[in-house]
Amino acid sequence: METLSVAGKPIELDSDGHLAHRADWTENVARELAVQEGISDLTPQHWAVINFMRSVFEKEGDAPSIRRLTKESGVDTKTLYQLFPKGPAKRAAKIAGLPKPKGCI
Amino acid sequence: MRHMLILGGGTGGTIMANKLASALDERDWRITVVDETEEHYYQPGFLFVPFGTYRMHELVKPRRQYFPGRIKFVLSAIDHIEPENKTVILAGGDALRYDVLIIATGADIHPEQTEGLLDEEWGKSKFDFYTPKGAERLAQFFKTWQGGKLVLSVTEMPIKCPVAPLEFLFLADAYFTKRGMRDKVDLRLVTPLSGAFTKPMSSRVLGEFLDRKGISVTPDFDLGRVDSKEKKLVAWDETEVSYDALVSIPTNMGNACIARSSMGNELNFVPTNKETLQAEGLEDVFVIGDATNLPSSKAGSVAHFESEILFQNILEHIEGRPPVAHFDGHANCFIESGFGKGLLIDFNYETEPLPGEFPLPAVGPFSLLQESPINHYGKMMFRWVYWNLLLRGLELPIEAEMSMAGKRVQ
């Protein structure tokens, strides 16, 4: 089982590299996950997106799509890709401590 | 007299109309279907039109022909639904009250959602094959095309028939090989997914197929805009893919009447209970097929399996009992792989497509996740099954609930 070390404490990850237990999430865990994704500094704009994702997940059980992020989080698509390069929906979900978005098949 | 109102006369709506027409007492229930066009297209056939296998007129029938006599068909666009008043307002302003509503309004492509996609080059160097006109224009274009970079671009998920982009490329490989010009055509799939398909096992198998056929893949590509002058796709992160001919799967969205009713998500798909198929929060509204937001494929087979669940649940509901039947997300798709062969995948919410054999009385077994000629015949035969059995709501020898029989768990 893969783990992430935050302040010397191991935190369990699932097979996608996302948190295995959502309850393990703290802001420090988020910072560590962000570093893993190559984002060294989480700005207030990052936090706005992360918190929006968490609130949607809390209510609906799945992370929002990019389209929904753009429409409702107040951050436009271009900026989302600058904040979370290479797939904002997937990356922001990971940093927000959520499982990999179900997306669609 | 109570009123069963069905919005949409496509695959899901037509099956439900047929099933309910035989089950509901004519003295108690009237049944109405509303659709804005007269033509019912066999959409799985569109894929074959660009390559000259089918012509469009072979894929269309009058909708009305598939409704039993007691069904009232209303030819009209829908303005919006007022669930609080149990009323649907038609485009002309007429109001239809209902006791039970079935939303079967489907999904359509929306090229205008992507910057630079829908311009004067649409239909000239940029095409779709999800509409009758688009598929026909592409057939015309291929006839005289001299070759170059042919890019199949998936804009965003979900899309109707998620295997269609792969099938298109497999068929293009076969088509240009037969025309003796395969060496002049560079085939590429550009997709927002991380691989050929969504689920791990099939993504690997189908990825190997693409590889073997010399079809390149650009994964994780989130299309931001299309530059028609430079003939290139530009992702949100500014990476680029150039093309000579673009075949686009534009953004798929639910019907605009869903947005006007404030009943949809950001793509106008109706939030639906994934087991009972009731619209979330609305007991007397049910949703079927591509109109739902379910985490299942948008495909005719899914609408068909859902119809059996929906039928049982509606019968329970009108007797005042809670829904009992639970949809498991079952999908069953033939995948054309070119040169007279095909694959078959069978899966649900929980079980990804697995290899093995798919038993089917009298005809099968078909091979799962493995290429074979019988799967190709299965796919071609299905057009007959669709018009003659499936739409009529008749029993097919395949269960709504997915079975593990014949599947090999790795």
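As shown above, the structure is provided for reference.
**A closer look at unusual backbone geometry**
Residue and element names in this part refer to chain B.
Logical step 1: The linkage connecting M157 with the following residue, P158, adopts the cis geometry, with an omega of 0°.
Logical step 2: Inspection of the secondary structure assignment puts P158 in the loop between β12 (148-154) and α3 (164-178).
Logical step 3: Its identity is not glycine, yet F339 carries a phi of approximately 55°, on the positive side.
Logical step 4: Within the secondary structure layout, F339 lies in the loop between β21 (331-338) and β22 (341-347).

**Considering the pattern of salt bridges**
Logical step 1: Taken as a whole and judged by the stated rule, the model has 22 salt bridges over all chains.
Logical step 2: In this structure, K126(B) and D119(B) form a salt bridge, with 2.8 Å as the shortest nitrogen-oxygen distance.
Logical step 3: Residue classification places D119(B) among the partly exposed residues on the basis of a relative accessible area of 24%.
Logical step 4: Several salt bridges converge on common partners, so that one network encompasses E37(A), R91(A) and K94(A).

**Looking at the side chain of K19(B)**
All names here are of chain B.
Logical step 1: Assignment of secondary structure puts K19 in helix α1 (residues 11-23).
Logical step 2: Buried and unpaired, K19 has E308 as its nearest opposite-charge partner, separated by 4.6 Å.
Logical step 3: For K19, the contacting residues outside a window of four places in its chain are S307, E308, F311 and G393.

**Looking at the sheet that holds strand β1 (residues 2-7) of chain B**
Residue and element names in this part refer to chain B.
Logical step 1: Spatially, β5-β2-β1-β9-β20 is the arrangement adopted by the five strands of the open sheet, whose pairing is parallel. For this open sheet the edge positions go to β5 (72-75) and β20 (285-287), each flanked by a neighbour on one side alone. The average undirected angle you get between the axes of adjacent strands in this sheet is 20°.
Logical step 2: Taken together, the four bridges between strand β2 (residues 29-35) and β5 define a ladder with parallel strand orientation.

**Digging into the packing of helix α2 (residues 132-144) of chain B against α3(B)**
Residues and elements named next belong to chain B.
Logical step 1: α3 packs onto α2 with a crossing angle of 30° between their chain directions and a minimal axis gap of 12 Å. Judged on the interaxial angle alone, α3 and α2 are roughly parallel. Between α2 and α3 lies a crossing whose hand is right-handed. Contacts between α2 and α3 pair L138, F142 and K143 from the former with F168, Y175 and F176 from the latter.
Logical step 2: In the contact of α2 with α3, the residues fall into five nonpolar, no polar and one charged.

**Regarding helix α6 (residues 300-318) of chain B**
All names here are of chain B.
Logical step 1: A rise of 1.5 Å per residue sets the reference length of α6, with its 19 residues, at 27 Å; its end C-alpha atoms lie 26 Å apart and thus fit the reference within 8%.
Logical step 2: S307 marks the point of greatest bend in α6, at about 25°.
Logical step 3: Where burial is concerned, most of α6 is hidden: 16 out of the 19 residues are buried.
Logical step 4: G320 occupies a position one or two residues after α6 and carries a positive phi of about 85°.

Each value, and the rule that gives it
- Residues numbered from 1 in each chain as written.
- Chains lettered and ligands numbered in written order.
- Predicted model: local features only at pLDDT ≥ 70, side-chain atom pairs only at ≥ 80, totals over all residues.
- Heavy atoms only, no water.
- Helix = DSSP H or I, 4+ residues; strand = E, 2+ residues; numbered from the N terminus.
- Salt bridge = Lys/Arg side-chain N within 4 Å of Asp/Glu carboxyl O.
- Buried < 20%, exposed > 50% of the residue type's maximum accessible area, 1.4 Å probe, protein only.
- Lys, Arg positive; Asp, Glu negative; His and termini not counted.
- Contact = heavy atoms within 4.5 Å.
- Pairing = 2+ DSSP bridges.
- Axes fitted to C-alpha atoms, helices over the stretch in contact; angles between N-to-C directions.
- Parallel < 35°, antiparallel > 145°, perpendicular 65-115°, else oblique.
- Left-handed = near helix turned anticlockwise from the far one by under 90°.
- Nonpolar A, V, L, I, M, F, W, Y, C, P; charged D, E, K, R; others polar.
- Expected span 1.5 Å × (residues − 1).
- Bend = angle between axes of the 7 residues up to and from the residue.

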